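Chain residues, written in single-letter form:
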Amino acid sequence: MRYETAQDLRIPKIGFGTWTIGGESSADPARDAPSLKALRSALELGYTHFDTAEGYAGGHAEELLGQAAHASGLARPALFITSKVSPEHLGYADVLRSCENSLRRLGMDYLDLYLIHWPNRSIDLAETFRALNKLVADGKVRRLGVSNFNLKLLKEAVALSKTKLLTNQVSYSLPDRTCVENGVLAYCQANGILLTGYTPVKRRFIHGNKALQELARRRAVTPQQIALAWLVNQPGVITIPMSFDPQHQAENLAAADIHLTESELEPFLNI
Ligand SMILES: NC(=O)c1ccc[n+]([C@@H]2O[C@H](COP(=O)([O-])OP(=O)(O)OC[C@H]3O[C@@H](n4cnc5c(N)ncnc54)[C@H](OP(=O)(O)O)[C@@H]3O)[C@@H](O)[C@H]2O)c1
């Protein structure tokens, strides 16, 4: 596994996403068994960095992640757990309540990282950060971050956070380079803020891309692994693919160790 070092932390470049674990926007009990199986195999394969949110399966993704993490027998410090507060809960008291609820569902007494899931222009960001800063001071949360923040909002968040922001989590993949075009990636890299790329596996794009398939064939890996390696070969970029399939999970984890040369990367510089 390749790691990113930030603020005295060693964070695996590839973590495990939990969107669709336990349901989608609400809990779906029919998914419990496959979801627990997926989480169990991820933990057995060696994933230690998990990304969840109070909004995933109406909080049930956190419950299942907590169950699987406890059953794994791993000590809490061996795990890096991120959760997120939903945009409708960004008022002061709501943030504190949301965090308590996430901790209860996870069965944990702190989060490694807590993110604002999406900005909400109808709630003052300063009020949200007053609550987030308190969560850090109270030891409920180790690090703060944001998600889906454009450059202007990210700079506002940086100014309001009493501790250095750890990440901005945004959509980033070979076909989605919005964060390059809008300056978010360059700002993060210049300021020691990790960029966490979500939705990194774009199956339709990958299937239709000959250069990706040719490079994968030459390196004896899958095109999906090249797509992930392309992300984590970039300084300050980490990613959190999700898969129910243990074979895919293993391939995704192994993608962190694929080092691409400049000439291999060249065809993908300007897609
Ligand atoms: N902050 C935000 O607003 C936000 C938004 C979206 C996502 N996220 C986070 O980012 C995580 C990842 O994003 P995502 O779940 O949208 O998309 P993703 O991880 O890019 O893609 C998931 C899909 O790709 C397939 N897949 C994964 N690895 C594969 C492989 N090696 N080969 C072939 N297919 C593979 C999975 O199918 P199989 O199960 O069949 O492998 C699944 O259908 C989420 O789970 C969530 O934690 C955050």
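Residues numbered from 1 in each chain as written. Predicted model: local features only at pLDDT ≥ 70, side-chain atom pairs only at ≥ 80, totals over all residues. Heavy atoms only, no water.

K.L.:
Explanation requested: helix 9 (residues 210-219) in the structure shown.
P.N.:
Counting along an α-helix, one turn takes 3.6 residues, and residues three or four places apart therefore face a common direction. Burial in helix 9 covers these residues: L212, L215 and A216. Seen from one end, helix 9 has its buried residues packed into an arc of 100°, which puts them on one side. Away from its buried face, by an angle of more than 90 degrees, helix 9 presents the exposed residues K210, R217 and R218. Structurally, helix 9 contributes buried residues whose contacts are with helix 8 (203-207), helix 10 (223-232) and helix 12 (262-265). After helix 9 finishes, the residue A220 shows a positive phi value of roughly 55°. (Buried < 20%, exposed > 50% of the residue type's maximum accessible area, 1.4 Å probe, protein only. Helix = DSSP H or I, 4+ residues; strand = E, 2+ residues; numbered from the N terminus. Arc of directions from axis to C-beta. Contact = heavy atoms within 4.5 Å.)

K.L.:
Is there a simple way to think about the packing of helix 1 (residues 32-45) against helix 11 (residues 246-254) in this case?
P.N.:
A pair of packed helices is characterised by two quantities: the angle between their axes and the separation of those axes. Close contact between helix 1 and helix 11 brings their axes to 10 Å; oriented N to C, the two are set at 35°. Considering the relative orientation of helix 1 and helix 11, their crossing is right-handed. Here A38, S41, A42 and L45 of helix 1 lie close against helix 11, whose contacting residues are P246, Q249, A250 and L253. For the contact of helix 1 with helix 11, a count of residues per class yields six nonpolar, two polar and no charged. (Axes fitted to C-alpha atoms, helices over the stretch in contact; angles between N-to-C directions. Left-handed = near helix turned anticlockwise from the far one by under 90°. Nonpolar A, V, L, I, M, F, W, Y, C, P; charged D, E, K, R; others polar.)

K.L.:
Looking at this structure, I do not really get the site of the ligand. What am I missing?
P.N.:
Not every one of the 26 residues close to the ligand is listed here, only the nearest: D51, V201, S243, H248 and N252. The separation between an oxygen atom of the ligand and a polar side-chain atom of H248 is 2.6 Å. A total of 890 Å² of accessible area belongs to the ligand in isolation, and the protein chains cover 84% of it. Judged by the proximity of its atoms to the pocket grid, the ligand belongs to the largest pocket. Counting residues per element, the shell around the ligand draws most heavily on helix 11, at three residues. (Near = heavy atom within 4 Å. Polar contact = N/O pair within 3.5 Å; in protein donor to acceptor, adjacent residues only side chain to side chain. Areas by Shrake-Rupley, 256 points an atom, 1.4 Å probe, with all protein chains shown as cover. 1 Å grid on protein atoms, 1.4 Å probe; cavity = no way out; pocket = protein on both sides within 12 Å on 5 of 7 lines; lining within 4 Å. Sits in = over half its atoms within 2 Å of the grid points.)

K.L.:
How should I be thinking about helix 3 (residues 92-106) in this particular structure?
P.N.:
Between its terminal C-alpha atoms helix 3 stretches 22 Å, which fits the 21 Å expected from 15 residues at 1.5 Å a residue. What helix 3 keeps buried is the set V95, S98, C99, S102, L103, R105 and L106. Down the axis of helix 3, the smallest arc covering the buried residues is 165°, so these residues share one side. The first or second residue beyond helix 3 is G107, which carries a positive phi of 70°. (Expected span 1.5 Å × (residues − 1).)

Structural measurements only, silent on function.
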